[in-house]
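Observations on the three-dimensional arrangement
One-letter residues, chain by chain:
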Amino acid sequence: DINLGCPARKVVAEPTPAGAGLLRYPERVEAIIKAVVRAVDKPVTVKIRAGWDSSSINYLLIGRIAEGSGASAITLHPRTRAQGFSGRADWSMIARLKESVSIPVIGNGDVFSPEDAVRMMRETGCDAVMIARGALGNPWIFSRTLRYLESGELPPEPTVEERFETLLELMRLMIKFKGEERAALEIRKHAGWFVKGLPNAKQLRVKAQQIRSYSELESLLKGYLLTTPTPGGATASPR
Ligand SMILES: Cc1cc2nc3c(=O)[nH]c(=O)nc-3n(C[C@H](O)[C@H](O)[C@H](O)COP(=O)(O)O)c2cc1C
């Protein structure tokens, strides 16, 4: 996947702009996609933003270039680089891109629930949906969305216990890759996302910011389950 969407300053910086910075140089985009398509035997996909800024919206041009250069699919996050993550993703652009190319179009931007994903597909005609921020602390969004798409039935949200078990599993995996010290620092932000919406989430999040080891996270979560009433009224019990 060729990234023509990253808005980070150091990534888009001249004289060697990458990410969304390349949207200002359509001829370079064409050369890059063609070169990659020639060089690999895997499908090459491209991910773009709407354009550099509101006065240079060019996703339709870039979309046609991508298709003409051999890309197999294109993802559109319909915000400009200048917008960053502000405002709302303009899904009507996804619909217009879908009408103007024949390769699959993957819609992206502001999908935070299975219902959002279905609405995006219905409103834009896109072939698939890409979810980013909606998956932070919420990896269930993928299976729940798939089930919802396939059956029309909205699966239940994960239980508190499931959330905590998955958070602990994530930390175990991080420890394998990065060691416990590094993992303890990085798990803090994930903990904040995983507890979003739970009763007393704020307190839990504050405590999670001080986690220094796996066992500290484990006892924090166990303590929470023992002492915090669940939305149903009963105290959640650890398995
Ligand atoms: C933490 C984070 C990391 C991201 N990394 C990438 C990346 O490596 N490549 C990419 O194309 N987009 C990346 N994005 C952008 C997302 O793919 C997506 O375009 C954007 O977040 C809008 O979708 P959303 O509303 O579902 O979050 C990243 C987004 C976030 C929040």
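Details of the structure are given in the entry above.
Each value, and the rule that gives it
Every chain begins its residue count from 1, and numbering advances along the sequence as written. The predicted nature of this model means local features are confined to residues of pLDDT at least 70 and side-chain atom pairs, given and counted, to a pLDDT of 80 or more, with totals for whole chains, interfaces and linings taken over all residues. Heavy atoms throughout the structure, all of them, feed into the side-chain values; hydrogens and water do not. Each helix is a run of DSSP H or I of at least 4 residues and each strand a run of E of at least 2, with the numbering of both proceeding from the N terminus. Burial here depends on accessible area, computed with a 1.4 Å probe over protein chains only, as a share of the maximum for the residue type. Under 20% is buried, over 50% is exposed, and the range in between is partly exposed. In what follows, a contact means two residues having at least one pair of non-hydrogen atoms within 4.5 Å. For every accessible area listed, the method is Shrake-Rupley and the probe measures 1.4 Å; residues are considered covered only by the protein chains on display. When charges are counted, neither His nor the chain ends are considered; positive counts come from Lys and Arg and negative counts from Asp and Glu. The atoms used to mark charge sites are NZ of Lys, CZ of Arg, CG of Asp and CD of Glu. Between any two strands, at least two bridges found by DSSP are needed for them to pair. Fitted lines through C-alpha atoms serve as axes, helices being fitted only where they are in contact, and the angles separating the N-to-C directions of these axes extend from 0 to 180 degrees. In plain words, nonpolar cores are sets of buried Ala, Val, Leu, Ile, Met, Phe, Trp, Tyr and Cys residues tied together by side-chain atoms within 4.5 Å. Directions from the helix axis toward the C-beta atoms define the arc. The rule for a salt bridge is simple: a side-chain nitrogen of Lys or Arg has to be within 4 Å of a carboxyl oxygen of Asp or Glu.

**Topic: the overall build of the chain**
When its secondary structure is counted, the chain shows 10 helices and five strands. With the C-alpha coordinates aligned to their principal axes, the bounding extent of the chain is approximately 60 × 40 × 35 Å. Within the chain, buried positions represent 44% of all 239 residues. Sequence-distant contacts in the chain: of pairs separated by 6 or more residues, those separated by 24 or more amount to 58%. A total accessible area of about 12,900 Å² is found for the chain, and carbon and sulfur atoms account for 55% of it. Taking the average location of the 34 positive side-chain charges in the chain and that of its 26 negative ones, the two points are 5 Å from each other.

**A closer look at the sheet that holds strand β4 (residues 105-108)**
Taken in spatial order, the five strands line up as β1-β2-β3-β4-β5 in an open sheet, and their pairing is parallel. Because the sheet does not close on itself, it has two edges, and the strands there are β1 (2-4) and β5 (128-130). Direction aside, neighbouring strands of the sheet carry axes that sit 25° apart on average.

**Digging into the nonpolar core**
Leu4 and Ile48 are the most contacted members of the largest nonpolar core, which has 35 residues in total. Contributions of two or more residues to this core are made by β1, α2 (26-39), β2 (45-51), α3 (59-68), β3 (73-80), α4 (91-100) and α5 (114-124). In contact with Ile48, not counting residues within four places along its chain, are Leu4, Leu23, Tyr59, Ile62, Ile74, Thr75, Leu76 and His77. Residues Met171, Ala184, Ala208 and Leu221 belong to the second largest nonpolar core, which totals 24 residues.

**Points about α3**
Where α3 is concerned, the buried positions are Tyr59, Ile62, Gly63, Ile65 and Ala66. The buried residues of α3 occupy one face: seen down the axis, they fall within an arc of 165°. Where α3 is buried, its residues contact β1, α2, β2, β3 and α4. Just beyond α3, the residue with positive phi is Gly70, at close to 105°.

**Quick look at the pattern of salt bridges**
Counted under the stated rule, the structure contains 11 salt bridges. We note a salt bridge from Lys34 to Glu30, for which the minimum N-O separation is 2.9 Å. Note that Lys34 and Glu30 are positioned in helix α2 at a spacing of four residues, about one turn of the helix. Between Arg144 and Glu157 there is a salt bridge whose closest N-O contact spans 3.7 Å. In this pair, Arg144 is assigned in helix α6 (residues 140-151) and Glu157 in the loop between α6 and α7 (160-178), connecting sequence segments 13 residues apart. Sharing partners across several salt bridges, the network here consists of Arg79, Asp110 and Arg133.

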